Amino acid sequence: NKSYLHTQAERLEKYCFAKGYQVVRIVKEVGSGVNDNRRKLIDLLNKDNYSLIVCEHKEHLTRVGFHYLKVWLNQTNRDIEVVNLATEQTDDLMHDFV
């Protein structure tokens, strides 16, 4: 949903501003957290001109392999910061699988 993405991006931008982070780019992509072929995410991971990825929920970035992604980013002097550490509803995961 594009309006949800826009609202989420605005919340994250305000969060980054409050933390004093410099926003290099905002990436919005509609896709399932279980999809491992998300073009915009792959493009972002292939770039190295940032030090931190900020996401609202880790499940929105990826539902599987989040820890591996974080470890790899740390090895390349980058990191992921998750704003909302609350877990998603099981129904949302089942929706992604369907």
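As a reminder, the structure under discussion sits directly above these lines.
Throughout what follows, the structure given in this document is the object of discussion. (Residues numbered from 1 in each chain as written. Predicted model: local features only at pLDDT ≥ 70, side-chain atom pairs only at ≥ 80, totals over all residues. Heavy atoms only, no water.)

## Some remarks on unusual backbone geometry
Turning to step 1, where the next piece is worked out: One non-glycine residue, Asn 77, lies in the positive phi region at around 60°.
Turning to step 2, where the next piece is worked out: By the element assignment, Asn 77 lies in the loop between helix 4 (66-75) and strand 2 (79-82).
Turning to step 3, where the next piece is worked out: Residue Asn 77 is classed as exposed on the basis of its relative accessible area of 68%. (Helix = DSSP H or I, 4+ residues; strand = E, 2+ residues; numbered from the N terminus. Buried < 20%, exposed > 50% of the residue type's maximum accessible area, 1.4 Å probe, protein only.)

## Structural notes on the environment of Glu 10
Turning to step 1, where the next piece is worked out: You can see Glu 10 is positioned in helix 1 (residues 2-19).
Turning to step 2, where the next piece is worked out: A relative accessible area of 37% places Glu 10 in the partly exposed class.
Turning to step 3, where the next piece is worked out: With 16 residues separating them along the chain, Glu 10 and Ile 26 place their C-alpha atoms 9.7 Å apart.

## A closer look at the pattern of salt bridges
Turning to step 1, where the next piece is worked out: Under the defined criterion, the tally for this structure stands at 5 salt bridges.
Turning to step 2, where the next piece is worked out: In this structure, the salt-bridge partner of Glu 81 is Lys 19, at a minimum N-O distance of 3.9 Å. Within this pair, whereas Glu 81 is found in strand 2, its partner Lys 19 is found in helix 1, the two being separated by 62 residues in sequence.
Turning to step 3, where the next piece is worked out: Judged by its relative accessible area of 16%, Glu 81 is buried.
Turning to step 4, where the next piece is worked out: The partner of Asp 79 in a salt bridge is Lys 70, and the shortest N-O contact between them spans 2.5 Å.
Turning to step 5, where the next piece is worked out: Note on Lys 70: relative accessible area 25%, which makes it partly exposed. (Salt bridge = Lys/Arg side-chain N within 4 Å of Asp/Glu carboxyl O.)

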